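These are the residues of each chain, in order.
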Amino acid sequence: MSGSRIFWISGWSIPATWLENLASAAMPDFRHDVIDPSPDAVALACRSEAGILGGFSLGAHLLLGVDDPRPRILLAPFADLKAGAGLGGAVATTQLRQQLRWFKRDPAAAIADFRARIGADPPYAAEPCDPALLAWGLEQMLAPGRVPSTWPAGTLAVAGDGDPLLAVEILARTLPSLHIVAAAGHHPEPLLAAAAKLRQSASG
């Protein structure tokens, strides 16, 4: 198992190549292997040889319930995205259901709307995604939440105080190790930068 590798699960509609490029820029000392969220993503993460598991948004959510001793880097994690669950999500259940219906009716428009809200860069936002996997991802956001009982040693979780999808003060009570990044939203780039600084501080 290599401590110089991080195996990432990306977020909903966020191409793995985009997250890989951002992670490589923020943490150039690591090799970054990135996959899209899918029903097989957690199993692939657990079978990977990487020393660290990482996830962004939906990818971080999928890793919360994984029984694996390796440290994690969780960007914009959520235990339950639904505001009504009271676990730190800020999205209405009806909105998620509407998003799923909209996606099934017009996938391109639903994806473009989400990417615009988090500021996804146009060159990567234009990359196609698998509609079946995206529908599955939205269904995961509607499923009951998951709250980890313990964190693996060395785990970092970071979220922006301006994230439109998260109620970070509530999330910090749900995930006590959460670091809140000032003036950051749901875009992964500032969260990666913050995680890199936190790792350097911990190792220093």
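Residues numbered from 1 in each chain as written. Predicted model: local features only at pLDDT ≥ 70, side-chain atom pairs only at ≥ 80, totals over all residues. Heavy atoms only, no water.

Caption draft 1: Just the pairing of strand β5 (residues 156-160), in detail. The buried fraction of β5 amounts to five of the five residues, a majority that puts the element mostly inside the structure. Along β5, one buried face is formed by L156, V158 and G160 and the opposite face, lined by A157 and A159, is buried too. The pairing of strand β4 (residues 72-75) with β5 spans three bridges and is classified as parallel. Bridge pairing links I73 to L156 in β5. As paired strands, β5 and strand β6 (residues 178-181) are joined by four bridges and run parallel to one another. Residue pairing in the sheet places A157 in a bridge with L178 of β6. In this region the chain leaves β5, passes through helix α8 (residues 168-174) and returns to the parallel neighbour β6; the handedness of that crossover is right-handed. (Buried < 20%, exposed > 50% of the residue type's maximum accessible area, 1.4 Å probe, protein only. Helix = DSSP H or I, 4+ residues; strand = E, 2+ residues; numbered from the N terminus. Pairing = 2+ DSSP bridges. Right-handed = clockwise from strand over helix to strand, strands pointing away.)

Caption draft 2: Expanded view of the side chain of S57. Of note, S57 is situated in the loop between β3 (50-56) and α3 (58-64). Only 2.8 Å separates the side chain of S57 from the side chain of H186, close enough to count as a polar contact. If we skip the residues at most four places from it in the chain, S57 touches G11, L75, A76, F78 and H186. (Polar contact = N/O pair within 3.5 Å; in protein donor to acceptor, adjacent residues only side chain to side chain. Contact = heavy atoms within 4.5 Å.)

Caption draft 3: Molecular detail of the pattern of salt bridges. All told, the structure shown has five salt bridges when counted by the stated rule. Between D68 and R70 there is a salt bridge; the shortest N-O distance is 2.9 Å. Across the pair, R70 and D68 agree in class, each one buried. Put simply, K82 and D80 hold a salt bridge, and the shortest N to O gap is 3.0 Å. Salt bridges linked by common partners bring R5, R31 and D33 together as one network. (Salt bridge = Lys/Arg side-chain N within 4 Å of Asp/Glu carboxyl O.)

Caption draft 4: Broad picture of the packing of aromatic side chains. With the rule as written, the count across this model stands at two aromatic pairs. When the ring of W12 is compared with that of F103, the centres are 6.0 Å apart and the planes differ by 70°; the resulting orientation is edge-to-face. Here the residue W12 occupies a position in the loop between β1 (2-9) and α1 (16-26), and F103 occupies one in helix α4 (residues 93-105), the gap between them amounting to 91 residues. Residue classification places F103 among the buried positions, given a relative accessible area of 3%. With a centroid separation of 5.4 Å and an interplanar angle of 85°, the aromatic rings of W12 and F114 are classed as edge-to-face. Taken as a pair, W12 in the loop between β1 and α1 and F114 in helix α5 (residues 107-118) lie far apart in primary sequence, 102 residues in all. (Phe/Tyr/Trp six-rings, centres within 6.5 Å; stacked < 30°, edge-to-face > 60°.)

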